[in-house]
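Commentary on secondary and tertiary structure
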Amino acid sequence: MRKAQSVVGCAFFCYNLLMNKINVKYIAAAGAVIPEYKTPGSAGCDVCANIENDLVIPVGKRAIIPTGLFFEIPEGYEIQVRPRSGLAAKNGITVLNTPGTIDSDYRGELKIILINLGEEDFTVHNKDRIAQIIIAPVTQALFVAAEKLSETERGSGGFGSTGV
């Protein structure tokens, strides 16, 4: 029986790798909306506010919005928090630290920092879609000390040095 379970487990793991999918465990507080992909080609899942009372974000101000979601992200991955284009275009609402990173060793609640860059106060209601999350692989650098860096055409040219 163990061998059969092992083969089935391996097949499921290999299928997920081929389909570019990974398992991400979650716990949802009461009333939290579970993220889901809305179309087969979606890169991100919407996350929703999980609040008891409406929350007003005045123009130019920010607020931290709870989602009621807790994740166990596999090592080697992160969750990126990004703005929803509709909220940005229609209301000037965006994620302040975009893209936000949720590290694989974080086990606390996913909370979203929204800022109102619009022209009117914005009200967040319970279960409103407030941001989107993307699961992405992480590459960690091995920083290597050097006495000299290679030459490039750009060199040390900074902001605007490429003609923009």
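Above: the structure in question.
Computed from a predicted structure; not experimentally measured.

1. A look at the sheet that holds strand β7 (residues 100-102)
In spatial order, the strands read β2-β10-β5-β7; together these 4 strands make up an open sheet with antiparallel pairing. Pairing within the sheet leaves two strands with one partner each, and these edge strands are β2 (45-48) and β7. Across the sheet, the mean angle from the axis of one strand to that of its neighbour is 35 degrees, orientation sign disregarded. In terms of strand pairing, β2 meets strand β10 (residues 129-137) through 4 bridges, oriented antiparallel. Residue pairing across strands places cysteine 45 opposite isoleucine 133, the latter belonging to β10.

2. Notes on the nonpolar core
Core analysis: the largest hydrophobic core is formed by 25 residues, its most contacted members being Ile65, Val81, Leu110, Ile112, Leu114, Val124 and Ile133. Of all elements in the fold, only β2, β4 (62-72), β5 (77-82), β6 (93-95), β8 (109-116), β9 (122-124) and β10 reach the threshold of two or more residues within this core. Among the elements that take part in this core, β4 stands out by supplying 4 residues, more than any other. Look past the residues within four positions of valine 81 in its chain and what remains in contact with it is Val95, Thr98, Pro99, Gly100, Ile102, Leu110, Ile112, Ala131, Gln132 and Ile133.

3. Describing the pairing of β5
Sheet analysis places β5 next to β10, joined by 6 bridges and oriented antiparallel. Along β10, the bridge assignment pairs glutamate 78 with alanine 136.

4. Examining the layout of surface pockets
There is about 680 Å³ of room inside the largest pocket. If you go around the largest pocket, you meet 23 residues; those closest to its centre are Asn20, Lys21, Ile22, Tyr37 and Ile135. Sorting the residues of the lining of the largest pocket by element identifies α1 (2-18), β5 and β10 as the ones contributing at least two each. Residue contributions to the lining of the largest pocket peak at 4 residues, all from β10. Looking at side-chain class alone, the lining of the largest pocket contains 17 nonpolar, 4 polar and 2 charged residues. In this structure, the second largest pocket occupies an estimated 170 Å³ of space. If you trace the second largest pocket, you find it lined by Glu75, Gly76, Tyr77, Glu78, Thr101, Asp103, Ser104, Val138 and Gln140. Each residue belonging to the lining of the second largest pocket can be placed in one class, and the counts come to 2 nonpolar, 4 polar and 3 charged.

Reading the values: the criteria
- Residues numbered from 1 in each chain as written.
- Predicted model: local features only at pLDDT ≥ 70, side-chain atom pairs only at ≥ 80, totals over all residues.
- Heavy atoms only, no water.
- Pairing = 2+ DSSP bridges.
- Helix = DSSP H or I, 4+ residues; strand = E, 2+ residues; numbered from the N terminus.
- Axes fitted to C-alpha atoms, helices over the stretch in contact; angles between N-to-C directions.
- Core = buried A, V, L, I, M, F, W, Y, C linked by side-chain atoms within 4.5 Å.
- Buried < 20%, exposed > 50% of the residue type's maximum accessible area, 1.4 Å probe, protein only.
- Contact = heavy atoms within 4.5 Å.
- 1 Å grid on protein atoms, 1.4 Å probe; cavity = no way out; pocket = protein on both sides within 12 Å on 5 of 7 lines; lining within 4 Å.
- Points joined across faces, edges and corners; volume = space filled by probe spheres on them.
- Nonpolar A, V, L, I, M, F, W, Y, C, P; charged D, E, K, R; others polar.

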